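# Fold and contact review
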Amino acid sequence: MTGCDWCHLSEEDREYLLCDSGCWSVFLADEQDYIGRCVLVLDRHCGSMAELTDDEWQDLLNLVRKLEMCLKTVFGADLCNWSCLMNSFFKDPEPCPHLHIHVRPRYRNPVVINGNTYADDAFGHHYTHDKGGRIPEEDMQAVFIRMKRWLDS
Ligand SMILES: [Zn+2]
């Protein structure tokens, strides 16, 4: 669909593409307030979960299993918070939503990346919105490489 930014992601947007399952593209999120946080973007323009095809659901199920295993194995995540929110699209008087799903891994114990410690202080509670998600570029790269290596193997 023309006019949808999510249908026309730039090369820069795609820098942190972890994998493409065929129906979904998985990106490491710009915000790493929860280490390994990703966004799954449907590879076609579609506005809600209710409109997913059976193949897209099956593909999503496989990805949920794979990503949870990856996040638990690579960073020691205890669980994952999955959410499909879509709220920001509806700030526009003429919303053009493009389905995407967030996954935030949650940690009982801090994660250490390049000697920097990242703690999940709200573990056991709803994720926080104001945690401050930008991490040093070298840590972002390290998170990306570790996840990609696991997913590609
Ligand atoms: Zn779109």
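Model, not experiment: these values are computed from the prediction.

Next up on the list: the nonpolar core. In terms of nonpolar packing, the biggest core is built from 23 residues, with Val-26, Ile-35, Cys-38, Leu-40 and Leu-67 touching the most fellow members. Per-element tally for this core: the top contributor is helix H1 (residues 54-75), with five residues. Discounting chain neighbours no more than four positions away, the residues touching Ile-35 are Phe-75, Pro-105, Val-111, Ile-113, Tyr-118 and Val-143.

What follows is about unusual backbone geometry. The bulk of non-glycine residues show a negative phi, and the bulk of peptide bonds are trans. The phi dihedral of Met-86 falls on the positive side, at around 70°, and the residue is not glycine. The residue Met-86 is located in the loop between strand S4 (79-83) and strand S5 (100-106) in this model. The backbone of Asn-114 shows a phi angle near 50°, a positive value even though the residue is not glycine. You can see Asn-114 is positioned in the loop between strand S6 (111-113) and strand S7 (116-118).

Counting buried positions along strand S2 (residues 24-28) gives four out of five residues, so the element sits mostly inside the fold. Bridge analysis of strand S1 (residues 17-20) against S2 gives three bridges, and the strand direction is antiparallel. Following the sheet pairing, Asp-20 is matched in S2 by Ser-25. A loop of three residues connects S1 with S2, the two strands running antiparallel in sequence, and Gly-22 in this loop sits at a positive phi of about 115°. Two strands pair when backbone bridges link them, and S2 and strand S3 (residues 38-42) are joined in this way by five bridges, in the antiparallel orientation. Following the sheet pairing, Trp-24 is matched in S3 by Leu-42.

The rules we used
- Residues numbered from 1 in each chain as written.
- Predicted model: local features only at pLDDT ≥ 70, side-chain atom pairs only at ≥ 80, totals over all residues.
- Core = buried A, V, L, I, M, F, W, Y, C linked by C-beta atoms within 7 Å.
- Buried ≥ 20, exposed ≤ 12 C-beta atoms within 10 Å, placed from the backbone.
- Helix = DSSP H or I, 4+ residues; strand = E, 2+ residues; numbered from the N terminus.
- Contact = placed C-beta atoms within 7 Å.
- Pairing = 2+ DSSP bridges.

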